[in-house]
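Residues per chain are reported as follows:
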Amino acid sequence: WGMVPRHGHAMTTTAPTTTGDDQKLTWLAPRLAGLQLGASFTPNEREDANEMADRARERTNLSPLSMNGRWSLGGAALRLSAGRVHGRGAPGASQADRRAPLDDDAAGAEIGGGEWRIGACYRRLANPGHARDGRARAIGLAWRRDRWSTAIGHLRSRAAGTTTTPGRDKSDIVVLST
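**Student:** Tell me about the overall build of the protein, and please be specific about residues and values.
**Tutor:** Assigned secondary structure in the protein consists of 1 helix and 9 strands. Secondary structure elements of the protein, listed N to C terminal, follow the sequence β-β-β-β-α-β-β-β-β-β. The contacts in the protein between residues at least 6 apart in sequence include a share of 49% that link residues at least 24 apart. Of the roughly 11,200 Å² of accessible surface on the protein, a fraction of 58% belongs to carbon and sulfur atoms.

Set out below in structure tokens:
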């Protein structure tokens, strides 16, 4: 269940900015001892909207970096991930969030054994002037046996909000899945 006040803003994921299907160059290293690194370069963040980027008015040249790891020992499993997206601000942009630089950091971990999994993640979006400038964190617990499974998760978001919602917008989302 989730409740976001009218005109409220919330980060509904702890994943960093992905730049969707914008054109980009991406490099993924081969997995070595369970660890994999990746890097991308996105020259035009507005490509999804089928618009050409005016480099003076739109944020361009986003550079995401990421890593993930998977390890198993006996019946236990550990998975880790981290990502960082950086984009320069565009001084001539009409929107305040595009004038400011973007730094979006996220990290997560999952530990499992047998039929149980528990995971947690954290995101910090630093983008002054954007309604979602803030932090989000989540934790979840899941159980699975044969075809049956159930899970519960909680996501907490604290975002800057806008002039309509001054101060920090607060949101807590609880999900129960069977």
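**Student:** Give a description of the confidence of the model for the protein that names residues and reports values.
**Tutor:** Here the protein averages 80 in pLDDT, while 73% of its residues score no lower than 70. Element-level mean pLDDT values for the protein span from 72 in helix H1 (residues 96-99) up to 93 in strand S6 (residues 116-126).

**Student:** Help me get a handle on the pattern of salt bridges, residues and values and all.
**Tutor:** All told, the structure shown has 9 salt bridges when counted by the stated rule. Between Arg-145 and Glu-115 there is a salt bridge, with the nearest N and O atoms lying 2.7 Å from each other. Of the two residues, Arg-145 is situated in strand S7 (residues 134-145) and Glu-115 in the loop between strand S5 (102-113) and S6; the sequence distance between them amounts to 30 residues. Across the pair Arg-158 and Asp-172 runs a salt bridge, and its minimum N-O distance is 3.6 Å. Here Arg-158 is found in strand S8 (residues 148-159), whereas its partner Asp-172 is found in strand S9 (residues 169-177), with 14 residues between them in sequence. What emerges from the salt-bridge pattern is a single network uniting Arg-79, Glu-110 and Arg-117.

**Student:** If you had to explain unusual backbone geometry to someone new, which residues and values would you point to?
**Tutor:** The phi angle at Ala-33 is positive, at roughly 55 degrees, despite the residue not being glycine. When you line up the elements, Ala-33 lands in the loop between strand S1 (25-28) and strand S2 (35-44). A positive phi angle, close to 55 degrees, is found at Asp-146, a residue other than glycine. Structurally, Asp-146 is set in the loop between S7 and S8. Residue Asp-146 is classed as exposed on the basis of its relative accessible area of 68%.

Procedures and definitions
Residues numbered from 1 in each chain as written. Predicted model: local features only at pLDDT ≥ 70, side-chain atom pairs only at ≥ 80, totals over all residues. Heavy atoms only, no water. Helix = DSSP H or I, 4+ residues; strand = E, 2+ residues; numbered from the N terminus. Contact = heavy atoms within 4.5 Å. Areas by Shrake-Rupley, 256 points an atom, 1.4 Å probe, with all protein chains shown as cover. pLDDT = per-residue confidence, 0-100. Salt bridge = Lys/Arg side-chain N within 4 Å of Asp/Glu carboxyl O. Buried < 20%, exposed > 50% of the residue type's maximum accessible area, 1.4 Å probe, protein only.

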